[in-house]
Amino acid sequence: MMKKKSIYASRASLVLILCQVISALDVPLDSKLLEELLQPPTITQQSPKDYIVDPRENIVIQCEAKGKPPPSFSWTRNGTHFDIDKDAQVTMKPNSGTLVVNIMNGGKAEAYEGVYQCTARNERGAAISNNIVIRPSRSPLWTKEKLEPNQVREGDSLVLHCRPPVGLPPPIIFWMDNAFQRLPQSERVSQGLNGDLYFSNVQPEDTREDYICYARFNHTQTIQQKQPISVKVFSMDSLNDTIAANLSDTDIYGAKPVTERPPVLLTPTGSTSTKVELRGNVLLLECIAAGLPTPVIRWIKEGGELPANRTFFENFKKTLKIIDVSEADSGNYKCIARNTLGSAHHVISVTVKAAPYWITAPRNLVLSPGEHGTLICRANGNPKPNISWLANGVPIAIAPEDPSRKVDGDTIIFSHVQERSSAVYQCNASNEYGYLLANAFVNVLAEPPRILTPVNKLYQVIADSPALLDCAYFGSPKPEIEWFKGVKGSILRGNEYVFHDNGTLEIPVAQKDSAGTYTCVARNELGKTQNEVQLEVKDPTMIIKQPEYQVIQRYGQVSFECIIKHDSTLLPTIIWLKDNDELPDDERFLVGKDNLTIMNVTDKDDGTYTCIVNTTLDSVSASAVLTVVAAPPTPAIIYARPNPPFDLELTGQLERSIELSWIPGDENNSPIISFVIEYEDGLHEPGVWHYQTEVPGSQTTVQLKLSPYVNYSFRVIAVNEIGRSQPSEPSEQYLTKSANPDENPSNVQGIGSEPDNLVITWESLKGFQSNGPGLQYKVSWRQKDVDDEWTSVIVANVSKYIVSGTPTFVPYEIKVQALNDLGYAPEPSEVIGHSGEDLPMVAPGNVQVYVINSTLAKVHWDPVPLKTVRGHLQGYKVYYWKVQSLSRRSRRHVEKKILTFRGNKTFGMLPGLEPYSSYKLNVRVVNGKGEGPASPDKVFKTPEGVPSSPSFLKITNPTLDSLTLEWGSPTHPNGVLTSYVLKFQPINNTHELGPLVEIRIPANESSLILKNLNYSTRYKFYINAQTSVGSGSQITEEAVTIMDEAMASRQVDIATQGWFIGLMCAVALLILILLIVCFIRRNKGGKYPVKEKEDAHADPEIQPMKEDDGTFGEYSDAEDHKPLKKGSRTPSDRTVKKEDSDDSLVDYGEGVNGQFNEDGSFIGQYSGKKEKEPAEGNESSEAPSPVNAMNSFV
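Everything numeric in this text was worked out from a predicted model, so none of it was measured.

Can you explain the confidence of the model for the protein chain? Please cite residues and give values.
Residues at a pLDDT of 70 or more form 84% of the protein chain, whose mean pLDDT is 84. In this model residues 248-255 is a low-confidence stretch, pLDDT under 50, and it forms 11 contacts with partners more than four residues away in sequence or in other chains. This stretch, residues 1086-1194, has a pLDDT under 50; its non-local contacts, to residues over four places away or in other chains, come to 160 contacts.

So what's going on with the sheet that holds strand E58 (residues 657-663)? Residues and values would help.
Pairing within the open sheet is antiparallel, and its three strands lie in the order E57-E58-E61. Of all strands in the sheet, those with a lone pairing partner are strand E57 (646-651) and strand E61 (701-705), marking the two edges. When the angles between neighbouring strand axes are averaged without regard to direction, this sheet yields 25 degrees. Here E58 runs beside E61; their pairing, made up of five bridges, is antiparallel. Residue pairing in the sheet places Leu 660 in a bridge with Val 702 of E61.

Report on the pattern of salt bridges, specifying residues and quantitative values.
Evaluation of the coordinates by the stated rule reveals 37 salt bridges. With a closest N to O distance of 2.6 Å, Asp 206 and Arg 188 form a salt bridge. Highlighted residues: Asp 206 in the loop between strand E16 (197-199) and strand E17 (208-217) and Arg 188 in the loop between strand E14 (172-176) and strand E15 (189-191), separated in sequence by 18 residues. Owing to a relative accessible area of 16%, Arg 188 belongs among the buried residues under this scheme.

Can you tell me about the environment of Val 442, naming the residues and giving the values?
Positionally, Val 442 belongs in strand E37 (residues 434-444). Between the C-alpha atom of Val 442 and that of Gly 125, which follows or precedes it by 317 residues, the distance is 9.1 Å. Those residues in contact with Val 442 that sit more than four places away from it in its chain are Pro 40, Leu 365, Leu 367, Leu 375, Phe 414, Ser 421, Ser 422, Ala 423 and Tyr 425.

Please give an account of the nonpolar core that cites residues and values.
With 29 residues, the main nonpolar core has Ile 59, Ile 61 and Trp 75 as its most contacted residues. Those elements giving two or more residues to this core turn out to be strand E3 (59-61), strand E4 (63-68), strand E5 (72-77), strand E8 (99-101), strand E9 (114-122) and strand E11 (132-136). Per-element accounting of this core gives the leading share, three residues, to E9. One finds Leu 648, Leu 660, Val 695 and Tyr 712 within the second-largest nonpolar core, a separate group that totals 20 residues.

Can you explain a nonpolar patch on the surface? Please cite residues and give values.
A surface patch of nonpolar side chains, about 520 Å² in accessible area, is lined by Leu 1069, Leu 1072, Ile 1073, Ile 1076, Val 1077 and Ile 1080. Here Ile 1080 lies in helix H5 (residues 1058-1084). Classification of Ile 1080 as partly exposed rests on a relative accessible area of 44%.

Conventions and cut-offs
Residues numbered from 1 in each chain as written. Predicted model: local features only at pLDDT ≥ 70, side-chain atom pairs only at ≥ 80, totals over all residues. Heavy atoms only, no water. pLDDT = per-residue confidence, 0-100. Contact = heavy atoms within 4.5 Å. Pairing = 2+ DSSP bridges. Helix = DSSP H or I, 4+ residues; strand = E, 2+ residues; numbered from the N terminus. Axes fitted to C-alpha atoms, helices over the stretch in contact; angles between N-to-C directions. Salt bridge = Lys/Arg side-chain N within 4 Å of Asp/Glu carboxyl O. Buried < 20%, exposed > 50% of the residue type's maximum accessible area, 1.4 Å probe, protein only. Core = buried A, V, L, I, M, F, W, Y, C linked by side-chain atoms within 4.5 Å. Patch = residues over 30% accessible without salt bridge, like charges linked within 9 Å, V, L, I, M, F, W, Y side chains within 5 Å. Areas by Shrake-Rupley, 256 points an atom, 1.4 Å probe, with all protein chains shown as cover.

Written out as structure tokens, the structure reads:
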């Protein structure tokens, strides 16, 4: 057999194997059937491929297999038959293939090194195990060597070589001193992957004579020790004359000061190196540098990113660790060592290869004679693995021929198989890095039908529900199943039955006439068998009288009925629930055969009560609500709080207990519910009363637990439904003896206030808890997960202690124990605290921004490793700010915005962004100390949005038929402006809007002259800007074209005529007189004659107005006020109709709003409006027109 090839064993049991067949033939999981069927061997357990054994113990090489008939076992060793009977030290376990080599009775483990393989064989084939390589573990001693002392100048680098002995498996290396304490390591001093101890620069404190390298061999549980190494660091300031005299002028230890040096890599050497790692393994890359100050190491992957969530930094970032590597992790990894004087780097070219791994492993095949099937074996690796097949452990090329078998690369095709085709096939996939090998059997079975469902099995169902009758079967070839009803019934067919592939007969709606005997028949070419089952159809359970809604008075009695009808052969059980839960455990609830009675109902009994009836086949329920109302009123009874207890007495005095008794006061028509006992500590807190206990109102004596070193006195308070009584008079005092504290301080915490301290706090014991004089606290701490002894101090009665000189943010075990002059409290429980936090070390990586729309973006980042947080992770802060608007290209200072995302979140939303703008952001991790460094700024841009409204709209230079419009560009363009849209429409005297005109204007225009407008007309203008996204909000303005000069002069002439002025004054005087008369008549409560005449000859145009309209009613006369009727009364729309007056002043304005210019010409409104339109252009404010004045009186 080829080197590195072995057999991979399927670890599935026989049951699992039969479940995993891929043919059309399914084997039911019936234990009796499984015991009877023939089965090729399957190896279920074996030792690992590389098996390192302890040379002091017996060697056990496992090989277990199953099959029918049970398989026999044989072994090969180093490729040849291993005759177990000829070696007295080797035995095979009974009914097993497991070998036991007896080493403890004189055998030598080295004599049994080699490659072992197990074969399990029966008449159906042979399965083989992996090649199991047996090697005894070795833990050799260190070779003796003479170690010279290391004399180093301060600031120089140093490497202490370990060179451990070669063991199997390789040892674990660590450095300790003579006191078996681990040597402290840091960014300056650290252990390499090869076990050597590296000093980037030595300091005077590195001088010692006990640098000891230890090698721990876990397999044999032994530790080997190298001879101690001595290191002496010379400082130029401390060299004495004797040492200086022994050094020459050219010696490296000349009187030179300690100088800083740029980094130099100690390992690996050179500028480049290579590394090969296998897929799925852990990749470890290391860079250790010398230099002063101590260099800091940084890792990058050239042309890519370090894989997120699989990358870790160890040994103070000197070791890069990537877990579960894949081919995608191949590439060049650069380590950069940097200090203030410079940097050095090394590139490691990593190639990831792959031992074979499964794509599709072959699976067992169970076939019937004449059927077809395939075994598929597909694997991948780097390089591509070679696939080879074996049959019963023999290469298929030299195995006995089988005409039903054809090999096609990674597939074996079987056609028209026969029983003799049964065999176990092995697939081997191998390359230079390893191999995979799997057993898969082909089992050809010829079996007559068997029905596995028990004979005469009884099925019971409720009428009108489905019935499922089982007929579990097996046979090879697969049998056909038929169902019959009755002994001589015909075969069942039709839509009223459903026939399942597993043989089950389903009757979707079983009726009473469906009951009876059913026969299942299974047949194939090898035989026929049948089985009978019984079906019984039961009547459904029904609640014929359901519980009903009840309203009951408090303290009354209520009953719910639940009368049922059920099949006589079924035994029902009735359960009552309240609000879907069990009934209260209360003797007031009485459950009868078919009812529930509640005695002495209280408010708590209010709710929903449900009756549930269960049988073995069905369940029904019904519910009703109970409402409890107040009882009828009774004569008033005066209720009050109870009187205080009296005559308190202390008896049975002991060190830790005492008995207190009292006499209750009057309960005042409300029974006493309980007594509250309070105590006073006259020694520690005189005058302060504390709660001690509470006892039922029927109890007048209580045994009280006492604490040591307390001067007790007690008082009692009675409680009823009305409230609490006044406290009783205090009892006599009782002083207890001192004792050790019973308890320790609570709320013990350890939280550092600085990066190098641990502040331990606790809640001090109260005075009575001290149990004696001299209360102190023993504070103890030790670093968690480090094999350190407890450090303890005893402090006075305080609540804080500060431990200095701690590492940054490491967990500590803390305990605080109370003690007094008599001794210690019980051993306290430990709590976990942390030393002080420091700012996080690294920034989040792989920051990505996804712009969702013009005002919203989503930012993602990779979480920082927890150990770099150096504190409690509180969350991440995203700083973002606008750099510039892309539409203006002008930079301006904008305050940075900050969003905080709590916890270990790795994404967040950025709302409220400005469209079409360039932004920057960075992400920082936050702990309890503050923020870590910022990630590199990430630039992103928002897309265009709709613009804001134009900044202004001015209308100037009005003429008879034109207006000049000027506007400002939007304050926030939010993109590239494509155009402006101007809309305008005229407004008539009734404020109705005319047709809308729309004009599109280029984006670079800021003014427009509108021509061909109507003279003396008011227009409303709307303008908005547009980008490619859409239209922004609009701004509106109104303006009026000027009127014709001839019309203006005509109005001036009318307004200045004396007759017109006199007419207006007469009308105003007449209205004033009428108003005065109206008020006088109304105050007298009568009507004047004109009103009677008006009532008789009512004019619909001068009907009096209602008082509730706020106008006057009983005053008008049709004849006296016709000018007022025609000229001043207005319709509901507040306009004057032209046809109402032949001499209306409106005619002079040709239906437009007239105005007076500054020279007195007519510009006032005569349309009857109360409100004045806003002035535009040259318009000025004006006094109300005469017509408006008249309207104000109507």
